[in-house]
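An overview of the molecular structure
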Amino acid sequence: MTATLNQLMMQDTYQINGKTFTSRLLVGTGKYASNELMGECLEASGTEIVTVALRRVNLDKKGEKNLLDFIDPKKYTLLPNTAGCYSTEEAIRVAHLARATGISDFVKLEVLYDEKTLLPDPIATLEATTILVKEGFTVMTYTSDDPVMAQKLEQAGAHAVMPAGSPIGSGQGVLNPNNIRIILEKLKCPVLIDAGVGSASDVAVAMELGVMAVLLNTAIAHAKDPLKMAYAMKNGCEAGRLSYLAGRIPKKLYAQASTPQKDF
Amino acid sequence: MKIVVNGENKEVAGPATLEELIRQLGVGKETVVAEVNRRIIQLDQRSGFQLSDGDQIELIQFVGGG
């Protein structure tokens, strides 16, 4: 019997630093109207890896439920980010704090340079990647879509390189697919599109390019109906992946009839 | 003794350990990470960690993020 959709997806696993995953959608936990809604959206998206951030405890809200009351760390691999860090030192401090929770040694490394574009500081990003890899973290590094930088990060030992499709939270999709193609051609480590996705078709386009997975947050959290969008993202991701594996037809300039043109 | 917790000045009756302070503040979840003067104090070391006047304490936890 031919394989069902579910069987195809379950067999299509990938690894990040030796850990195996099936879902190719990584989902962030920021910007949701409520933690309850976030929990439902994570479930609907089928994700296995969720990004989280670290911030000061609010001392005025004693006993308030914390994010982890809504995310089961046994069910999801937590990917703490270093969002908001603008230097190597800050990013390393946050990574250390994340690991001290005892929950995860994964880190989504982002070292930013500019507040308006949220583009990364390439030099600090490379420095921090080198240090955190040596310290035994599983380092998944956010970068621009520059193919040279992507190669430098892989050489520094990054366990995954994650170019932005377009600026964080912008919803513009993958603006330079050719750069992503070049990165995929050059790198052996997992390449993920991180940031810029706006809709399910953006995820499908990214996956059709052949990236390992897509990481998104705002596109679900700020959709008019986040739960519907979470389902759409899951389907868009699977559609794009299957389309990539199936192999698309070449584009042609002229028509090619689908129906025999004679004998009628 | 005067200490600073998450940027806020606090007056606490000393001597006190880090664990006592965290319990007193009511934020004692296991996944809250504590730093004293920029040094992470692991969960199992908090009960033996004596606070000193002027200590800068940071209590950090996971929040939503992308």
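Check the entry above for the structure.
Below you will find a few notes about this structure. (Residues numbered from 1 in each chain as written. Chains lettered and ligands numbered in written order. Predicted model: local features only at pLDDT ≥ 70, side-chain atom pairs only at ≥ 80, totals over all residues.)

**So, the overall build of chain B**
Scanning chain B for helices and strands turns up 1 helix and 5 strands. From first element to last, N terminus to C terminus, chain B shows the α and β order β-β-α-β-β-β. By the compact-globule yardstick of 11 Å for 66 residues, chain B fits well, its C-alpha radius of gyration being 12 Å. Projected onto the principal axes, the alpha-carbon positions of chain B cover approximately 40 × 25 × 20 Å. Within chain B, the fraction of its 66 residues that count as buried is 23%. Counting contacts in chain B only where the partners sit at least 6 residues apart, residues at least 24 apart contribute 59% of the total. (Helix = DSSP H or I, 4+ residues; strand = E, 2+ residues; numbered from the N terminus. Rg over C-alpha atoms; globule rule 2.2 N^0.38 Å. Buried ≥ 20, exposed ≤ 12 C-beta atoms within 10 Å, placed from the backbone. Contact = placed C-beta atoms within 7 Å.)

**Focus on the overall build of chain A**
In terms of helices and strands, chain A carries 9 helices and 10 strands. Its C-alpha radius of gyration of 20 Å places chain A within 12% of the 18 Å reference for a compact globule of 264 residues. By principal-axis analysis of the C-alpha atoms, chain A measures approximately 80 × 40 × 40 Å. Counting over 264 residues, chain A shows a buried share of 44%. Taking the intrachain contacts of chain A between residues at least 6 apart in sequence as the baseline, contacts between residues at least 24 apart amount to 64%.

**So, the packing of helix H2 (residues 35-45) of chain A against helix H9 (residues 226-246) of chain A**
Residues and elements named next belong to chain A. One way to put it is that H2 packs onto H9 with a least axis distance of 8 Å and a crossing angle of 20°. Taken together, the axis directions place H2 and H9 in an arrangement best described as roughly parallel. H9 is crossed by H2, and the crossing has right-handed handedness. Only Pro226, Leu227, Ala230, Tyr231, Met233 and Lys234 of H9 make contact with H2, whose side of the interface consists of Leu37, Glu40, Cys41, Ala44 and Ser45. (Axes fitted to C-alpha atoms, helices over the stretch in contact; angles between N-to-C directions. Parallel < 35°, antiparallel > 145°, perpendicular 65-115°, else oblique. Left-handed = near helix turned anticlockwise from the far one by under 90°.)

**Details of the interface of chain A and chain B**
In this complex, chain A contributes 28 residues to the contact, which on the side of chain B involves 21 residues. If you tally residues by element for the side of chain A that touches chain B, the top one is strand E4 (residues 49-56) of chain A, at 6 residues. Residues of the side of chain A that touches chain B, tallied by class, amount to 13 nonpolar, 11 polar and 4 charged. Where E4(A) meets strand E5 (residues 56-64) of chain B, 5 bridges bridge the pair, whose relative direction is antiparallel. In the strand pairing of E5(B), A:Arg56 is matched with B:Ile60. (Nonpolar A, V, L, I, M, F, W, Y, C, P; charged D, E, K, R; others polar. Pairing = 2+ DSSP bridges.)

**Here we look at the pairing of strand E8 (residues 160-163) of chain A**
Residues and elements named next belong to chain A. Across the two faces of E8 the burial is the same, with Ala160 and Met162 and Val161 and Pro163 all buried. Bridge count between strand E7 (residues 138-143) and E8: 4 bridges; the pairing is parallel. Among the inter-strand pairings, Tyr142 is bridged to a residue of E8, identified as Met162. Handedness of the E7-helix H5 (residues 147-155)-E8 crossover: right-handed. (Right-handed = clockwise from strand over helix to strand, strands pointing away.)

**Observations regarding the nonpolar core**
If you look at the biggest cluster of nonpolar residues, it comprises 89 residues, and the most contacted ones within it are A:Leu192, A:Val211, A:Val214 and A:Met233. Residues contacting A:Met233, with those up to four places away along its chain left out, are A:Leu25, A:Ser45, A:Ala200, A:Val203, A:Leu216, A:Ala219 and A:Ile220. (Core = buried A, V, L, I, M, F, W, Y, C linked by C-beta atoms within 7 Å.)

**Comments concerning the sheet that holds E7(A)**
Residues and elements named next belong to chain A. Taken together, 3 strands build an open sheet; the order of strands is E6-E7-E8 and the sheet is parallel. Of all strands in the sheet, those with a lone pairing partner are strand E6 (106-109) and E8, marking the two edges. Each adjacent strand pair in this sheet contributes to an overall mean axis angle of 20°, direction not counted. Pairing analysis gives 4 bridges linking E6 to E7, with the strands arranged parallel. Paired with Lys108 across the two strands is Met140, which belongs to E7.

**So, unusual backbone geometry**
All names here are of chain A. Positioned with a positive phi, Lys31 is a non-glycine residue whose angle comes to about 70°. Within the element layout of this structure, Lys31 appears in the loop between strand E3 (25-28) and H2. Phi is positive for Leu118, close to 55°, though the residue is something other than glycine. Structurally, the position occupied by Leu118 is in the loop between E6 and helix H4 (122-134). Taking the C-beta count within 10 Å as the criterion, Leu118 has 18 such neighbours and is therefore assigned partly exposed.

**Some details on helix H3 (residues 88-100) of chain A**
Residue and element names in this part refer to chain A. The end-to-end C-alpha distance of H3, which contains 13 residues, comes to 18 Å, matching closely the 18 Å that a straight helix rising 1.5 Å per residue would cover. Three or more residues of H3 are buried, namely Thr88, Ala91, Ile92, Val94, Ala95, Leu97, Ala98 and Arg99. Trailing H3 by a residue or two, Gly102 shows a phi angle of about 80°, which is positive. (Expected span 1.5 Å × (residues − 1).)

**Quick look at H9(A)**
All names here are of chain A. The end-to-end C-alpha separation of H9 is 30 Å, in line with the 30 Å expected for 21 residues at 1.5 Å each. Among the residues of H9, those classed as buried are Pro226, Met229, Ala230, Ala232, Met233, Lys234, Gly236, Cys237, Glu238, Gly240 and Arg241. For H9, the elements touching its buried residues are helix H1 (5-11), E3, H2, helix H7 (200-209), strand E10 (213-216) and helix H8 (218-221). Immediately beyond the C-terminal end of H9, within one or two residues, lies Gly247, with a positive phi of roughly 85°.

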